[in-house]
Amino acid sequence: MTTIPHPRFRIPVLGDVIGLDWTTPTQHEARVARELGGVYERRLGGSSMVVVGAADAAEQACDETTFSRILPGPGLYLRELAPTGLFTVRSSDPAWSQVRTALQPAFTQEAMRRYHAGMATVIDEMVEHLRGRAGERVSTHDLMTRLTLEIIAIAGFGYRSAGFDVPVDADQYLRAIATVLEWSSKEPNRLPLVGRIGAGARRADAFAALDAVQAPLIELVARRRRDGDTDTPDLLSALIPTDLPDAVLVDQAVTFIIAGHETTAALLEVALFYATEDPARQGPLRADAPDGAPAQSRYEDIARHRATGRFLRECLRLVPSLPGFFRIATADTRLGDYAIRRGTVAFVLALAAQRDRAAWGDDADVFDPEHFARGRRLGFYRPFGTGPRDCIGRAFATHEATFALARLTSAFDITDPDGGPLELVERATLRPARREVVFTPR
Ligand code: HEM
């Protein structure tokens, strides 16, 4: 039987700690995956997992008959923050299927029609805001954080957040979200013993920040329930008539706010990087506007922006906003050449598997939306996860990102005055390091 490889320096008891990268862990693991042939074991202390960066083995890990979704590591910290949130709740908890079933109709492609007007209002405001800043440097992180937060606030809960003129740094609500995310992604990576110093204080800060994130949502849920308001065209309307307790609804609201803005903002920031790395790439995005007209605000037009759609899919292939997801073997099985025991935890590293040359060809590392040209055979591609616990927000994020990018490229020439390679920071998501671009009205 072929033994599964592992990093070279394995220490008794501690395991594969040498060479770990605490600041950019998944990018590091993607390099290790390439060195070790795509599949390897990482053992840390008493626990072990198989990292899957090869496309064929990643497909095997997505087989629902032999694997299912699990949420270890940073996910456990997120679970503490929103125990019944759709993302964090255990599959075995009845709340998961209840909430997923209640929300499914609110996330269909057709349901996007209801949220479209709210998205259009926010995107129009963004365009106006940028016209007022023509020629100035604009942080892509701040712009996209604000855009996606405003959109999830209006489409999720029918309310507006602070608006484009409030700098992201000065926004208490965004600061509270950042504290919560930072805690859940950094805390699990701290060293044993020494890393525990100050853990209590950090935890207290995170939960204080959580209170601040929850406060307006608790009030909103109570008011909507009291008024029996299901007419507002937002996500919450799907949950108001259910008999789920208010606390469960608040957990969903926190989940939408966090899952719904951070990932899509990361995608749009990556899109602005590739659009400015070679400004000629903006041409095809303008050319595919329906009837040659610039992107308008009609719901029907958005899915017809095919070049923009391919562009965004390519962004998610090279830089999946969530770099991977966890699976657990529910039977003795195989991953690539290796036999895997029931109970083995696998980390499907989409960041590596979606760049596997064996599946995507020799230009797998090259940005080229033609990888998604009609009729072309696709390699492993699951930036939205897999199976019954795949991303419920896929149509939402796709509609929103296509709409926003189409509007931006039709209204502006976008340039990056600094240039330089794409550097990614990790905070549960993969996001470009701080970058600034200039929007010049066309
Ligand atoms: C689940 C990616 C946008 C809500 C997931 C998963 C992935 C993912 C990979 C599966 C995680 C796992 O298996 O552990 C993305 C990406 C997005 C995006 C790349 C944007 C580009 C959104 C949006 C929302 C959302 C806009 C909500 C408005 C959720 C929820 C789950 C989920 C609630 C858990 C579903 C369940 O377990 O039943 N997402 N997501 N996501 N996503 Fe997204």
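Structure: see above.
Anyway, here's the lowdown on the structure attached to this text. Please read these numbers as outputs of a predicted model, since none were measured by experiment. (Residues numbered from 1 in each chain as written. Predicted model: local features only at pLDDT ≥ 70, side-chain atom pairs only at ≥ 80, totals over all residues. Heavy atoms only, no water.)

Brief notes about the nonpolar core
Here is the rule: Buried Ala, Val, Leu, Ile, Met, Phe, Trp, Tyr and Cys residues form a nonpolar core when they are joined through side-chain atoms within 4.5 Å. Here's how the labels work: a residue is buried when its accessible area is under 20% of the maximum for its type, exposed when over 50%, partly exposed in between, all with a 1.4 Å probe on protein chains only. In DSSP terms, a helix is any run of H or I states spanning at least four residues, a strand is any run of E spanning at least two, and both are numbered starting from the N terminus. Residue contacts follow a heavy-atom distance rule, with two residues in contact if any of their heavy atoms lie within 4.5 Å.
Core analysis: the biggest nonpolar cluster contains 133 residues, and Tyr115, Leu147, Tyr274, Phe311, Leu335, Phe396 and Phe439 have the highest contact counts within it. At 17 residues, helix H10 (residues 246-277) tops the list of elements feeding residues into this core. What Phe311 contacts, discounting residues up to four positions off in sequence, is Ala271, Tyr274, Ala275, Arg281, Leu285, Phe367, Pro369 and Leu405.

Here we look at helix H6 (residues 140-157)
Defined as follows: Multiplying 1.5 Å by the residue count of a helix minus one yields the expected span of that helix. Think of a polar contact as two N or O atoms within 3.5 Å of one another; within protein, one of them needs to be a possible hydrogen donor and the other a possible acceptor, and neighboring residues in sequence only count if both atoms come from side chains.
The terminal C-alpha atoms of H6, which comprises 18 residues, lie 25 Å apart, in line with the 26 Å expected from a rise of 1.5 Å per residue. Among the 18 residues of H6, 17 are classified as buried, and the element is accordingly described as predominantly covered. The backbone nitrogen of His141 lies 3.3 Å from a side-chain oxygen of the residue at the head of H6, namely Ser139. Positive phi shows up at Gly158, right after H6, with a value of about 65°.

Describing the sheet that holds strand E12 (residues 436-441)
For clarity, the cut-off: Here, any two strands with at least 2 DSSP bridges between them count as paired. Every axis in this analysis is a line fitted to C-alpha atoms, fitted for helices over the stretch in contact. Angles between the N-to-C directions lie between 0 and 180 degrees.
Overall, antiparallel pairing links the three strands, which are arranged E4-E12-E9 in an open sheet. Since the sheet does not close on itself, it has two edges, and those belong to strand E4 (137-139) and strand E9 (412-415), each with one partner. Adjacent strand axes in the sheet meet at a mean angle of 40°, parallel and antiparallel pairs treated alike. Across four bridges, E9 lies against E12 in antiparallel orientation. Each bridged residue has a counterpart across the sheet, and for Thr415 the counterpart in E12 is Val438. Its contacts with the sheet put H6 on E4 and E12, and the angle it makes with E4 is roughly 55°. In this fold helix H16 (residues 394-411) packs onto E9 and E12, with an angle of close to 95° to the strand it touches most, E9.

Describing the coordination of the iron atom of the ligand
This is how the line gets drawn: In this listing, donors mean N, O and S atoms no farther than 2.8 Å from the metal, or 3.2 Å for Na, K and Ca; water is missing from the atoms, so a site can look incomplete.
Of the protein atoms, Cys391 (SG) alone serves as a donor to the iron atom of the ligand, at 2.3 Å. Within the secondary structure, Cys391 is located in the loop between helix H15 (357-360) and H16.

Here we look at the packing of aromatic side chains
The test is simple: The rule is short: rings of Phe, Tyr and Trp, with Trp giving its six-membered ring, pair when the centres are within 6.5 Å, and they are stacked under 30 degrees, edge-to-face over 60, tilted in between. For a lysine, the NZ atom is tested; for an arginine, the CZ atom; a charge sits over a ring if that atom is within 6 Å of the ring centre and within 35 degrees of the ring normal.
In the structure shown here, the tally under the stated rule is 13 aromatic pairs. With a centroid separation of 5.6 Å and 55° between ring planes, the pair formed by Trp360 and Phe372 is classed as tilted. You can see Trp360 sitting in helix H15 and its partner Phe372 sitting in the loop between H15 and H16, a full 12 residues away along the chain. What links up through ring pairs into an aromatic cluster is the set Phe273, Tyr274, Phe311 and Phe367. Sitting above the plane of the Phe87 ring, Arg69 keeps its charged end 5.1 Å from the centroid.

Structural notes on the pattern of salt bridges
Applicable threshold: Criterion for a salt bridge: a side-chain nitrogen of Lys or Arg within 4 Å of a carboxyl oxygen of Asp or Glu.
Evaluation of the coordinates by the stated rule reveals 33 salt bridges. For the salt bridge of Glu262 with Arg431, the shortest nitrogen-to-oxygen distance reads 3.2 Å. Highlighted residues: Glu262 in helix H10 and Arg431 in strand E11 (residues 429-432), separated in sequence by 169 residues. The class of Arg431 is buried, set by a relative accessible area of 4%. Salt bridges linked by common partners bring Arg34, Arg355, Arg357 and Asp365 together as one network.

Considering the site of the ligand
The line we're drawing: A cutoff of 4 Å decides nearness: a residue is near a molecule or strand if any of its heavy atoms lies inside that distance of it. Each residue receives one of three labels: charged for Asp, Glu, Lys and Arg, nonpolar for Ala, Val, Leu, Ile, Met, Phe, Trp, Tyr, Cys and Pro, and polar for the others, Gly being one of them.
Close to the ligand lie 26 residues; Arg69, Trp96, Arg100, Arg389 and Cys391 are nearest. Measuring from an oxygen atom of the ligand, one finds a side-chain N or O atom of Arg389 at 2.8 Å. Of all the secondary-structure elements, those providing two or more residues to the shell around the ligand are helix H4 (94-103), H10 and H16. Ranked by residues supplied to the shell around the ligand, first place goes to H10 with six residues. Classifying every residue of the shell around the ligand by side-chain character gives 15 nonpolar, seven polar and four charged.

A short note on the pairing of E11
The alternating pattern of E11 places Thr429 and Arg431 on one face and Leu430 and Pro432 on the opposite face, and all of these are buried. Pairing of strand E10 (residues 424-427) with E11 involves four bridges; the strand directions are antiparallel. Opposite Glu426, over in E11, you have Leu430 as the bridge partner. Where E10 folds back onto E11 in an antiparallel hairpin, the turn is made up of one residue, including Ala428, whose phi is positive at roughly 70°.

Some points on the side chain of Asp234
Residue position: Asp234 is located in the loop between helix H8 (199-227) and helix H9 (236-239). Among the residues examined, Asp234 registers a relative accessible area of 0% and is labelled buried. Within the structure, the side chain of Asp234 is placed 3.2 Å from the backbone nitrogen of Gly158, a separation counted as a polar contact. Setting aside its immediate chain neighbours within four residues, Asp234 contacts Arg114, Tyr115, Ile154, Ala155, Gly156, Phe157, Gly158 and Arg224.

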